[in-house]
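Read off the chains here:
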Amino acid sequence: MAYFDQATETLPREQLRALQLEKLQAMMGELWGKNHFYSNKWKAAGIEPRDIRTLDDLARLPLTTKSELMEDQAANGPFGTNLTYPIEQYTRLHQTSGTTGVPLKVLDTQDSWDWWAKCWAHVLAGSGVDASDRVFLAFAFGPFIGFWAALEGARKLGAVMIPGGGRDSLQRLELMRETGATVLCCTPTYALRLAEVAREHGFDMRSLPMKSTVHAGEPGANIPSTKQRIQEAWAAKCFDHAGASEIGAHSFECEHQPGGTHLIESEFIAEVINPKTGEAVKPGERGELVITNLGRWGFPLIRYRTGDLVEVNLDPCSCGRTFLRFQGGILGRADDMVTVRGVNVFPAGVENIIRKFVEVDEFRITVSKVKHMDEMDIEVELCDGADPSVVHSIAERLDSVLAFRPRVHHVGRDVLPRFDMKAKRFHVNRAA
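Residues numbered from 1 in each chain as written. Predicted model: local features only at pLDDT ≥ 70, side-chain atom pairs only at ≥ 80, totals over all residues. Heavy atoms only, no water.

Looking at an unreviewed UniProt entry, one finds the protein named AMP-binding protein, with Aromatoleum petrolei as its source organism.

Rendered as structure tokens:
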């Protein structure tokens, strides 16, 4: 079993919580009076760092939301007040993808960037990566943090990092073969797109010595049918990972893949709350992930509402790690659920059904209102030679699960968009 830091990854839970408290108290002491965003926030709540004596006291601190950070940057541009140190101490600028609005700018000091590298080293080591591997990053490097930190994680482990920017999909496949890449890092969507390109151009995927694929940026690697399709296409084990530009790389799948992702609890504290009431839920109950990062002192987030839905599993893992698991990984987003004809629909659940049909290369879902009635239209692009009548089977399967029948349409080749990074397949258009 490969670990990045076995001593902390296997700590008894009482000692792990003591480590978290020690790091939390040290960080809050550093932020007090230096980081204006949090100092002002805590003063307004009547809280000082010395008031946090146990991890249970963490709940006394106010929650942080992305909208607060965005408003702060708008009012105190360009970087806002969630900076603990003078700007001269910062060495990295990245930003969120902007898929839900204006991108949030995030800055890191050298120490904070090294912390990012440590987090990604946990992610890669969890998937079995070591110094003997060659890690291919199928990613065009830009201000979106994407797999920038994966590069640093590979360096921590001593693995060779192969950048895949500035190339089209076929050229990336050829570079993987030329360099003997053993690990692929990309979004789940792009892993399937690369396999599609390989099929279209007669590229033999068996010529790649790939042993594992590590995914981030969107759900998919935790969706059973999508994970299975990636593993079959690449003849490699598929690993899920979760994180965000503003939070850090916080959870990963271990080699035993016990049905969930481990939170890196030496670097993060997780709470799970009812998204409507804000009250804590019990382990095993679904709720919204609230997370505190412990090593990013330059751009900290304390009790940050992620919007991600998770279920905590505290059962021991056969990999030996004592870190808690998010059962099923990130299950969706609190704001992703759409009610269609009285049925709660999550995009990941629909994808899990569609991906079971091997004939489907790509798809797009649109929810709209037609004559005062909700309709779900699903466009599917099929692989060459597939029988278009499969759309009827897809509609029947969705009807049996959702309790209403979406309208499934077959579209021609290359009609639907392809995505290198985060895919946008689920659209809601209920304009009157």
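All chains considered together, the criterion is met by ten aromatic pairs. Judged by centre distance (5.3 Å) and plane angle (50 degrees), the ring pair of W115 and F268 falls under tilted. Of this pair, W115 sits in helix α5 (residues 110–126) while F268 sits in strand β11 (residues 268–273), and the two are 153 residues apart along the sequence. Ring centres 5.9 Å apart and planes at 75 degrees place the aromatic pair F139 and F147 in the edge-to-face group. The exposure class of F147 is buried, given its relative accessible area of 1%. Ring pairing ties together the aromatic residues W120, F139, F141, F147 and W148, which thus form one cluster. Between K43 and the ring centre of W32, over which it is positioned, the NZ or CZ distance is 5.6 Å. Of note, R425 hangs over the ring of F363, and the distance from its end group to the ring centre comes to 5.1 Å. (Phe/Tyr/Trp six-rings, centres within 6.5 Å; stacked < 30°, edge-to-face > 60°. Helix = DSSP H or I, 4+ residues; strand = E, 2+ residues; numbered from the N terminus. Buried < 20%, exposed > 50% of the residue type's maximum accessible area, 1.4 Å probe, protein only. Lys NZ or Arg CZ within 6 Å of the ring centre and 35° of its normal.)

The sheet built from four strands is open, its strands ordered β20-β19-β18-β21 with mixed pairing. Looking at the sheet topology across the chains shown, the edges are occupied by β20 (407–411) and β21 (426–429). Neighbouring strand axes in the sheet, compared pairwise and without regard to direction, differ in orientation by 20 degrees on average. Direction of pairing for strand β18 (residues 360–370) relative to β21: parallel, over a ladder of four bridges. Among the inter-strand pairings, V367 is bridged to a residue of β21, identified as V428. (Pairing = 2+ DSSP bridges. Axes fitted to C-alpha atoms, helices over the stretch in contact; angles between N-to-C directions.)

Strands pair in a sheet through their backbones, by hydrogen bonds, and they do so in one of two ways: parallel or antiparallel. Strand order in the open sheet formed by five strands is β4-β3-β5-β6-β7, with parallel pairing between adjacent strands. The sheet is open, and its two edges are formed by β4 (160–163) and β7 (237–239), each paired on a single side. Neighbouring strand axes in the sheet, compared pairwise and without regard to direction, differ in orientation by 20 degrees on average. With respect to the sheet, helix α9 (residues 224–234) is in contact with β5 (183–186), β6 (212–215) and β7, its orientation differing from that of β7 by roughly 140 degrees. (Contact = heavy atoms within 4.5 Å.)

Within the largest apolar cluster, 72 residues are counted, with the highest numbers of intra-cluster contacts made by L24, W120 and F147. Beyond its immediate stretch of four places on either side in the chain, F147 contacts W120, L137, F139, F141, C185, C186, T187, V214, A216 and M421. Residues V345, I353, F363 and A395 belong to the second largest nonpolar core, which totals 26 residues. (Core = buried A, V, L, I, M, F, W, Y, C linked by side-chain atoms within 4.5 Å.)

Glancing now at the pairing of strand β2 (residues 105–109). Burial analysis of β2 places four of its five residues in the buried class, which makes it a mostly covered element. Summarising the sheet, strand β1 (residues 90–95) and β2 pair through five bridges and their orientation is antiparallel. By the bridge assignment, L93 is partnered in β2 with L107.

Now for α9. Of all the positions in α9, only S225, T226, K227, R229, I230 and W234 are classed as buried. Two residues or fewer after α9 comes A235, characterised by a positive phi angle close to 50 degrees.

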